[in-house]
Amino acid sequence: MGVVQCLFNCFSPSDQAFVTLATNDSYARGAMVLGKSLRNHNTSKKLVALIGPQMSDACQSVLKRIYDEVRMVDVLDSGDTAHLAMMKRPDLGVTFTKLHCWTLTHYSKCVFMDADTLVLSNIDELFDREELSAAPDPGWPDCFNSGVFVFRPSMETYGKLLQYCTEHGSFDGGDQGVLNGFFSDWATADISKHLPFIYNLSSIAIYTYLPAFKQYGGNAKVVHFLGKTKPWSYTFDTKSKQIAGSVHEASTHPTFLLEWWTLYSSAVVPMLQEIYGDQPFHSGCVAVNCLDGSLSSLAQALQPQMSSEERKEKWEQGQADYMGMDSFDNIKRKLDTFLK
Ligand code: UDP
Ligand code: MN
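Because the structure is predicted, anything quoted here is derived from the model rather than measured.

(A) Representation of the sheet that holds strand β2 (residues 46–51). The strand order across the open sheet formed by six strands is β3-β2-β1-β4-β7-β6, and the pairing between neighbours is mixed. The open sheet has two free edges, formed respectively by β3 (69–72) and β6 (133–136), since each of these has just one partner strand. Neighbour-to-neighbour, the strand axes of this sheet turn through a mean angle of 25°, independent of strand direction. Along the sheet face, helix α2 (residues 25–40) touches β1 (16–22), β2 and β4 (109–113) and points at about 160° away from the line of β1.

Written out as structure tokens, the structure reads:
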């Protein structure tokens, strides 16, 4: 290896990568935002997306523009040990797909990140950690949360994991149960494998320990939208200018949700629009809000809205919402629709 190549490798190792998984178009949106957030914070690592065969060509194209490597993993087609394992435990479908990350042996070290995570600052320092490093799960802190973890790709480990999976299954039905069973000494063996909670801050924790969130939440580097309602599950409703679905559900902190939507609407939706061209597609957000991309209209969409009666009253009291609902742009837009 030449000196220049060596220097290059030492400063920007190309054998290290962030890895995510998206089996369908919904999770693909998460992966797009995650990839963009890593790029925005100038990661020097490679970005890899594992995808499933259900994903549309359009979403694959967008992912290819954001990620260095987009790799199809189809457990059902694979005809290898993963396939056999899958035959015995069809309930663990996505789990087997996630374990595929251990087969990325052209990288020496990787950080896996769920597609429902968002990076808030550079986290390349995670590569200083060893397998298996992860942050505690907020629900049961003696288990690690498998939304963010450091690992070393290895066919040997992969084989052992599949074997463990088929023999013992998963106590929670997903990858987190399998991985905690397999790396069972995580809680006690080596404190350096405990990632600080700020690398996998789940919004659930905000509601269960608010004072700690107030104290430390500002240092958050990765937020994880775990639970059944994902950022992309929400839809902006043009008419009511409200986010459809239950935004009040205590699973997602509005600020982080807003951050996700800001990045999605400003950086990802334009790419989707370019790929889809004239074809209609479901961006999950109202055209007006996403195209103008303005933070205030998003913030507004996330807030419970006043009834038109209340709004009228406010106007009459000289308290129009000049920065939000009653901003010049909104009024102009309304006038334009009348003039058309
Ligand atoms: N995943 C996927 N397709 C699915 C379900 C999950 O690609 O249908 C991937 C995706 O990367 C996701 C991860 O598996 O982030 C774990 O699932 P999820 O985040 O929904 O679980 P939670 O973090 O809410 O427990
Ligand atoms: Mn997740």
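From this point, the discussion proceeds with the structure in view.
(B) Examining the site of ligand 1 more closely. Residues in contact with ligand 1 amount to 13 residues; listed here are only the nearest, Leu21, Thr23, Tyr27, Gly227 and Lys230. At 2.7 Å from a nitrogen atom of ligand 1 is found a side-chain nitrogen or oxygen belonging to Thr23. Contact with the protein chains removes 76% of the 510 Å² of surface that ligand 1 exposes when unbound. Of the residues belonging to the shell around ligand 1, the class tally is six nonpolar, four polar and three charged.

(C) Representation of the coordination of the manganese ion (ligand 2) within the structure. Every protein donor of the manganese ion (ligand 2) is listed here as Asp114 (OD), Asp116 (OD), Asp116 (OD) and His224 (NE2), and their distances to the metal cover 2.2 to 2.3 Å. Each of the six donor atoms bound to the manganese ion (ligand 2) contributes to angles spanning 57 to 172°, and the resulting shape is irregular. All donors of the manganese ion (ligand 2) belong to a single chain; written as a sequence motif, their spacing is D-x1-D-x107-H. Look at Asp114 and you get buried, because its relative accessible area is 16%.

(D) Inspection of the packing of α2 against helix α3 (residues 57–66) at higher detail. Two elements in contact, α2 and α3, have axes separated by 10 Å at closest approach and are oriented at 15°. Viewed along their axes, α2 and α3 adopt a mutual orientation that is roughly parallel. In this structure, α2 meets α3 at a crossing whose hand is left-handed. Facing Asp25, Ala28, Arg29, Ala31, Met32, Gly35, Lys36 and Arg39 of α2, the residues of α3 in contact are Cys59, Val62, Leu63 and Ile66. Residue composition of the contact of α2 with α3, by class: seven nonpolar, one polar and four charged.

(E) Spatial organisation of the environment of Val48. Tracing the backbone shows Val48 in strand β2. Take Val48: its relative accessible area is 0%, and that puts it in the buried class. C-alpha separation for the pair Val48 and Tyr67, spaced 19 residues apart in sequence, amounts to 5.8 Å. Not counting residues up to four positions away in its chain, the partners in contact with Val48 are Ala17, Phe18, Val19, Thr20, Tyr67, Glu69, Leu104 and Tyr107.

(F) Fine view of unusual backbone geometry. Going from Glu131 to Leu132, the amide bond is cis rather than trans, its omega being -15°. Along the chain, Leu132 turns up in the loop between β5 (117–119) and β6. Of note, the phi angle at Asn42 is positive, near 55°, even though the residue is not glycine. Along the polypeptide, Asn42 turns up in the loop between α2 and β2.

(G) Region of the structure containing the environment of Trp232. With respect to the helices and strands, Trp232 occurs in the loop between β9 (222–224) and β10 (235–237). Exposure remark for Trp232: the relative accessible area of 14% places this residue in the buried category. Linking Trp232 and Leu257, residues 25 residues apart in sequence, is a C-alpha distance of 9.6 Å. Beyond its immediate stretch of four places on either side in the chain, Trp232 contacts Ser26, Tyr27, Gly30, Ala115, Asp116 and Trp260.

The rules behind the values
Residues numbered from 1 in each chain as written. Chains lettered and ligands numbered in written order. Predicted model: local features only at pLDDT ≥ 70, side-chain atom pairs only at ≥ 80, totals over all residues. Heavy atoms only, no water. Pairing = 2+ DSSP bridges. Helix = DSSP H or I, 4+ residues; strand = E, 2+ residues; numbered from the N terminus. Axes fitted to C-alpha atoms, helices over the stretch in contact; angles between N-to-C directions. Contact = heavy atoms within 4.5 Å. Near = heavy atom within 4 Å. Polar contact = N/O pair within 3.5 Å; in protein donor to acceptor, adjacent residues only side chain to side chain. Areas by Shrake-Rupley, 256 points an atom, 1.4 Å probe, with all protein chains shown as cover. Nonpolar A, V, L, I, M, F, W, Y, C, P; charged D, E, K, R; others polar. Donors = N, O, S within 2.8 Å, 3.2 Å for Na, K, Ca; no water. Tetrahedral: all angles 85-135°; square planar, octahedral: opposite > 155°, others 65-115°. Buried < 20%, exposed > 50% of the residue type's maximum accessible area, 1.4 Å probe, protein only. Parallel < 35°, antiparallel > 145°, perpendicular 65-115°, else oblique. Left-handed = near helix turned anticlockwise from the far one by under 90°.

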